[in-house]
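# Breakdown of the fold
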Number of protein chains: 2
Amino acid sequence: MTSSSRSGIQRVLGIDPGLTRCGVGVVDVRPDRSATLVHVGVVRSAPDAAIEDRLAAIAGGIRSVVDLHAPDVVAVERVFAQHNRRSVMGTAQASGVALLVAGERGIPAATHTPSEVKAAITGYGSADKRQVQAMVARILRLDAPPSPADAADALALALCHAWRGRSAAAPAGGALTPAQLAWARAERGVAR
Amino acid sequence: MTSSSRSGIQRVLGIDPGLTRCGVGVVDVRPDRSATLVHVGVVRSAPDAAIEDRLAAIAGGIRSVVDLHAPDVVAVERVFAQHNRRSVMGTAQASGVALLVAGERGIPAATHTPSEVKAAITGYGSADKRQVQAMVARILRLDAPPSPADAADALALALCHAWRGRSAAAPAGGALTPAQLAWARAERGVAR
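Predicted model only: the values in this text are computed from it and were never measured. Counting restarts for each chain: residues are numbered from 1 in the order of the written sequence. Chains and ligands are labelled sequentially in the order written, the chains with letters from A and the ligands with numbers from 1. Local features in this predicted model are restricted to residues of pLDDT 70 or higher, and side-chain atom pairs are both shown and tallied only at a pLDDT of 80 or more, whereas totals for entire chains, interfaces and linings draw on every residue. Computation of side-chain values covers all heavy atoms of the structure but excludes hydrogens and water.

## Digging into the relation of the copies chain A and chain B
The operation relating chain A to chain B is a screw motion whose rotation component is 180°, with 0.0 Å of axial translation and a residual RMSD of 0.0 Å. Here the two chains are linked by the operation of a two-fold rotation axis. Proximity to the rotation axis, assessed at the C-alpha, singles out Gln93(A) in chain A; its C-alpha lies 2.3 Å from the axis. In this analysis, two residues are considered to be in contact whenever any of their non-hydrogen atoms come within 4.5 Å of each other. The overlap is high: 100% of the interface residues of chain A also sit at the interface in chain B, so the same surface is used on both sides. Here the copies were fitted onto each other by least squares, based on C-alpha atoms from residues at pLDDT of at least 70 in both.

Following this line, the structure appears as structure tokens:
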């Protein structure tokens with residue numbers, strides 16, 4: 001099912017990539033920017049498994065969600081090299097696998113930075129995790145913030161993508177400057 | 001065909017991950033450590049294509065080589081975050097896709113650092129690219145060094161993996177200290 005057959009509703013799969021826990025969240029966003037939760041979960045792989053088996057588990061879990069919920073677009077958190085943590089390469093590999101699954105299913109993909117997501121959801125690029133989780137719950141009218149945090153982050157990514165609109169979706173490798181971002185947000189009235 | 005049916009010959013697919021050029025090289029290595037070239041090439045993706053389509057192209061090219069040549073093991077270059085180049089995240093994503101293809105085909109995978117590869121091939125961890133290319137040509141009895149460099153690097157990775165032996169293959173996320181590495185090399189007489 002495509003967005004056109006859902007009468008203007010855009011279905012977005014957000015993915016917070018990770019090897020141990022990969023957050024996946026699907027939302028339907030209407031033209032008036034209101035949103036409904038479709039699916040939320042976490043794809044896991046065993047930390048003591050071989051890296052090739054961990055990535056296969058992540059790919060399998062994401063494919064199941066894609067095949068079950070048929071998103072119109074996939075939004076993946078952009079990973080940066082400057083965080084010189086041991087886990088950053090695993091996170092980058094998981095993000096590659098997430099983007100690959102989209103590409104193989106012919107679904108367009110986009111990446112967004114954590115501060116783009118925070119700014120879109122809370123209006124504040126340095127918001128903390130709990131603020132983001134609370135806003136996600138409010139936007140989707142949930143009784144409690146989704147947990148674990150990876151699942152909430154995946155929903156935030158999906159909402160961010162739908163709200164930022166097509167203009168920000170194209171260059172997966174590119175980035176808007178903070179000024180461009182503020183301008184685009186002001187233009188679309190996203191600041192809240 | 002497995003290594004056992006090739007009477008002790010180990011067939012290794014080496015992969016030098018990259019988005020624009022991903023080197024792939026297959027070698028057969030006999031128990032006496034002599035080696036034969038089976039396949040060498042480069043899988044490419046268009047720099048102006050969307051990231052999800054580029055990763056799908058890389059995965060498709062690697063799958064073709066795996067299905068055609070049925071390697072016993074896949075060796076992938078280990079990518080480090082400290083090289084804070086713009087391309088490093090794309091390289092990490094391509095390496096994730098390469099490892100995923102191995103995992104999905106049930107083929108064990110391993111990663112090796114560039115200096116492990118250089119040390120195994122030339123006896124010197126800081127060898128330059130031309131020294132590695134020249135040694136690869138000599139080991140495989142080729143008339144000329146394989147080009148481009150990504151293809152030669154993939155062959156060097158495959159040879160390195162076969163020569164370093166099973167002990168170094170297991171922990172794709174782990175790393176030997178330089179002292180452990182020197183000891184392991186000395187023990188197996190790899191220095192040349």
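## Quick word on the pairing of strand β5 (residues 109-112) of chain A
Residue and element names in this part refer to chain A. The classification of residues rests on relative accessible area computed with a 1.4 Å probe and restricted to protein chains. Under 20% of the type maximum is buried, over 50% is exposed, and intermediate values are partly exposed. Each helix is a run of H or I in the DSSP string that is no shorter than four residues. Each strand is a run of E no shorter than two, and both are numbered from the N terminus. Burial along β5 is two-sided: Ala109 and Thr111 and Ala110 and His112, pointing in opposite directions, are all buried. Summarising the sheet, strand β4 (residues 73-77) and β5 pair through 4 bridges and their orientation is parallel. Across the sheet, Val76 pairs through a bridge with Thr111, a residue of β5. Two strands form a pair only when DSSP identifies at least two bridges running between them.

## Focus on the sheet that holds β4(A)
Residue and element names in this part refer to chain A. On the basis of which strands lie adjacent, the open sheet formed by 5 strands has the order β3-β2-β1-β4-β5 and mixed pairing. Two strands in the sheet have a free side with no partner beyond their single neighbour: β3 (35-44) and β5. Neighbour to neighbour, the strand axes of the sheet diverge by 20° on average, direction disregarded. Bridge count between strand β2 (residues 21-29) and β3: 9 bridges; the pairing is antiparallel. Each bridged residue has a counterpart across the sheet, and for Val24 the counterpart in β3 is Gly41. The strands touched by helix α1 (residues 51-69) within the sheet are β1 (10-16), β2 and β3, with β3 carrying the most contacts at an inclination of about 160°. Orientation is described by lines fitted to C-alpha atoms, with helices fitted over the stretch in contact, and by angles between N-to-C directions that extend from 0 to 180 degrees.

## Structural notes on the UniProt feature "binding site: Mg(2+) 2" (unreviewed entry) in chain A
All names here are of chain A. UniProt positions are given in the numbering used here, feature names are shortened, and annotations may be inferred rather than shown by experiment. UniProt's feature table lists "binding site: Mg(2+) 2" (unreviewed entry) at Glu77, given in the numbering used throughout. Examined against the element boundaries, Glu77 turns out to sit in strand β4. Residues in contact with Glu77, not counting those within four places in the same chain, are Ile15, Asp16, Pro17, His112, Pro114 and Leu157.

## Things to note about the packing of helix α4 (residues 129-139) of chain B against helix α5 (residues 149-164) of chain B
Residues and elements named next belong to chain B. For the pair α4 and α5, the least separation of the axes is 9 Å and the interaxial angle reads 65°. Considering how the two elements wind past one another, α4 and α5 form a crossing that is left-handed. In this structure, α4 uses Lys129, Val132, Gln133, Val136 and Ile139 to contact α5, whose residues at the interface are Ala149, Ala152, Asp153, Leu155, Ala156, Leu159 and Trp163. For any pair of crossing helices, the crossing counts as left-handed if the nearer helix is rotated counterclockwise from the farther one by less than a right angle, and right-handed if it is rotated clockwise.

## Comments concerning unusual backbone geometry
All names here are of chain A. Note that the residue after Ser147, namely Pro148, is joined by a cis bond; omega there is 0°. Positionally, Pro148 belongs in the loop between α4 (129-139) and α5 (149-164). Phi is positive for Arg33, which is not a glycine, with a value near 75°. Along the chain, Arg33 turns up in the loop between β2 and β3. Classification of Arg33 by relative accessible area gives partly exposed; the value is 26%. Not every positive phi belongs to a glycine, and Ala70 is a case in point at roughly 45°. Summarising the element assignment, Ala70 is placed in the loop between α1 and β4. Exposure remark for Ala70: the relative accessible area of 27% places this residue in the partly exposed category.

## Some details on the nonpolar core
Here, the term nonpolar core denotes a set of buried Ala, Val, Leu, Ile, Met, Phe, Trp, Tyr and Cys residues that are joined through side-chain atoms within 4.5 Å. Grouped together as the largest cluster of nonpolar side chains are 50 residues, with contacts concentrated most on Ile15(A), Ile62(A), Ile15(B) and Ile62(B). What Ile62(B) contacts, discounting residues up to four positions off in sequence, is Ile15(B), Cys22(B), Val24(B), Val43(B), Ala98(B) and Val101(B).

## Quick word on the UniProt feature "binding site: Mg(2+) 1" (unreviewed entry) in chain A
Residue and element names in this part refer to chain A. Residues annotated in UniProt with the feature "binding site: Mg(2+) 1" (unreviewed entry) correspond here to Asp16 and Asp150. The annotated residues occupy 135 residues of the chain but converge on a single region, no pair of C-alpha atoms lying more than 6.1 Å apart. Along the chain, Asp16 falls in strand β1. Residue classification places Asp150 among the buried residues on the basis of a relative accessible area of 12%.

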